[in-house]
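Structural overview
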Amino acid sequence: MPFTELQNELNERAAQGLLRQRRTLDSPQSPHIVVDGEPYLSFCSNDYLGLANHPRLVAALQQGAAQYGVGAGAAHLVSGHSVAHHQLEQALAAFVDKPAALLFSTGYMANLGAVQALAGKGDTVFADKLNHASLNDAMLLSRAEVKRYRHSDMAQLAQLLEQTRSGCKLIVTDAVFSMDGDLAPLPELLALCEQYDAWLLVDDAHGFGVLGGQGGGSLAYCGIASPRIIYMATLGKAAGVFGAFVAAEQVVIDTLVNHARSYVYTTATPPALASAVLESLELIGQGDALREHLRELIAQLRNGLAGLPWKLMPSDTAIQPLLVGDNRAVLALSEGLRERGVWVAAIRPPTVPQGTARLRITLSAAHSAKDVTCLLEALHELAR
Ligand SMILES: *Cc1c(COP(=O)(O)O)cnc(C)c1O
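This write-up is about the structure you can find in this document. (Residues numbered from 1 in each chain as written. Predicted model: local features only at pLDDT ≥ 70, side-chain atom pairs only at ≥ 80, totals over all residues. Heavy atoms only, no water.)

Brief notes about helix α12 (residues 271-285)
- For α12, built from 15 residues, the straight-helix expectation of 21 Å at 1.5 Å per residue is met to within 8% by its first-to-last C-alpha distance of 22 Å.
- Along α12, 11 of the 15 residues are buried, which leaves the element largely enclosed by surrounding structure.
- Looking at α12, one finds that the buried residues are Pro-271, Ala-272, Leu-273, Ala-274, Ser-275, Ala-276, Val-277, Ser-280, Leu-281, Leu-283 and Ile-284.
- Buried residues belonging to α12 abut α2 (55-68), α4 (83-95) and α13 (288-305). (Helix = DSSP H or I, 4+ residues; strand = E, 2+ residues; numbered from the N terminus. Expected span 1.5 Å × (residues − 1). Buried < 20%, exposed > 50% of the residue type's maximum accessible area, 1.4 Å probe, protein only. Contact = heavy atoms within 4.5 Å.)

Remarks on the sheet that holds strand β1 (residues 32-35)
- Read from one edge to the other, the open sheet built from 3 strands follows the order β1-β2-β12, with strand pairing classed as mixed. Strands at the two margins of the open sheet, each flanked by one partner only, are β1 and β12 (342-343).
- Two elements, strand β2 (residues 38-42) and β12, share 2 bridges in a ladder whose sense is parallel. Looking at β12, one finds that Ser-42 is bridged to Trp-343. (Pairing = 2+ DSSP bridges.)

What about the packing of helix α5 (residues 107-118) against helix α10 (residues 250-259)?
- For the pair α5 and α10, interaxial distance at closest approach is 9 Å and the crossing angle is 100°. One way to sum up the angle between α5 and α10 is to call them roughly perpendicular. Each of Gly-113, Ala-114, Gln-116, Ala-117 and Leu-118 in α5 lies in contact with α10, whose residues at this interface are Val-252, Thr-255, Leu-256 and His-259.
- Residue classes in the contact of α5 with α10 are distributed as 5 nonpolar, 4 polar and no charged. (Axes fitted to C-alpha atoms, helices over the stretch in contact; angles between N-to-C directions. Parallel < 35°, antiparallel > 145°, perpendicular 65-115°, else oblique. Nonpolar A, V, L, I, M, F, W, Y, C, P; charged D, E, K, R; others polar.)

So, the site of the ligand
- Around the ligand lies a shell of 14 residues, among which Gly-107, Tyr-108, Asp-203, His-206 and Lys-237 are the nearest.
- Between the ligand and Gly-107, the relevant distance is 2.7 Å, taken from an oxygen atom to a main-chain nitrogen or oxygen of the residue.
- Here a nitrogen atom of the ligand and a side-chain polar atom of His-132 are 3.4 Å apart.
- Looking at side-chain class alone, the shell around the ligand contains 2 nonpolar, 9 polar and 3 charged residues. (Near = heavy atom within 4 Å. Polar contact = N/O pair within 3.5 Å; in protein donor to acceptor, adjacent residues only side chain to side chain.)

Remarks on the nonpolar core
- With 81 residues, the main nonpolar core has Ile-171, Phe-208, Phe-245 and Leu-379 as its most contacted residues.
- With 7 residues, the top contributor of residues to this core is α12.
- Here Leu-379 is in contact with Leu-305, Leu-308, Trp-310, Leu-322, Leu-333, Leu-337, Leu-359 and Ile-361, once residues within four sequence places are set aside.
- One finds Ala-110, Ala-144, Leu-170 and Ala-244 within the second-largest nonpolar core, a separate group that totals 29 residues. (Core = buried A, V, L, I, M, F, W, Y, C linked by side-chain atoms within 4.5 Å.)

Some points on the sheet that holds strand β11 (residues 319-325)
- Taken in spatial order, the 4 strands of this open sheet run β10-β11-β14-β13, and their pairing is antiparallel. Two strands lie at the open edges of the sheet, namely β10 (311-312) and β13 (345-347), each paired on one side alone.
- Two strands pair when backbone bridges link them, and β13 and strand β14 (residues 357-362) are joined in this way by 3 bridges, in the antiparallel orientation. The residue bridging Ala-345 from the neighbouring strand is Arg-360, located in β14.
- Contacts from α13 reach β10, β11 and β14, with the element oriented near 20° to β11.

Laid out in structure tokens, this is it:
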């Protein structure tokens, strides 16, 4: 039976400390969660502003369901495009200061659709080696030639651009790297795009709502804007709901509506989700105090982690990875925290390069200073 082969492969993974398993939440997402019946202090969600269970979003979702029902019933291009989706697209475009925006079901699908619609055979996609898996999959699916550059290495990228003589050029990058927390050199990337007449696709899954005044995202934070930039952000992280969008020039959005297969060939998300995201945009816009609190927690954590045997990676964002290296060592550390009622995800290859397994600590504005102190005490105890 072929099942034996599947089982052998899983056993092999387990032996290397690489088997992945799920835990089940019994509570809403929050710093204080219940997992498999036990209470935990959590540092592993991407709910950076604590909006995933906000009463105003819950009410907006209920109100949206009362108004629009539950299912969209069809793809956007058939009969699934609701006025709620439409209003949200206009609000998102205005929020990130772009002429137009398009909703996708998920960030994964937005990246697949955008890259595949903008680059194909004969074109070249340039990608940072630490980009998110969805961007990597997107460029493979696009059938464009792929050139990967070392993490944030602008000199190597310039060389690769220089060597590319024909076809359209598309640079794709995480804005905030999801497993490292550092920022891409966005102004330098844009300058290279201008020099070599390339597009820049910025995946701001971890910057939207978190960085910049009013949570406008990484572009606002860096103070850059250009029609060359195609901006993608997810709505299931800081926005606390679900979905994603691409914002760009109108002609780019029209191209995606016509050619992005992950947009055309899928059912629209429930319109009530759009109602909830509209409410979320209000809270994000008014959330400068939340973002200030988050910055204070980041500083507290970084100060408290200094002197531990694990390397604190350079990051100013809510993603604060602690580099452990060995797969089994990171699992043991994560397990030690779990025994102390603290949940931090152990991230291992292939999500990160071999030998760089890490604890990925994520902070939320919903954490208190006391929560961070609890985590620090548990880590110092485990270090002894
Ligand atoms: C989470 C994430 C995505 C995928 O977004 P989903 O809406 O969860 O599918 C894409 N890119 C990056 C960098 C991410 O962290």
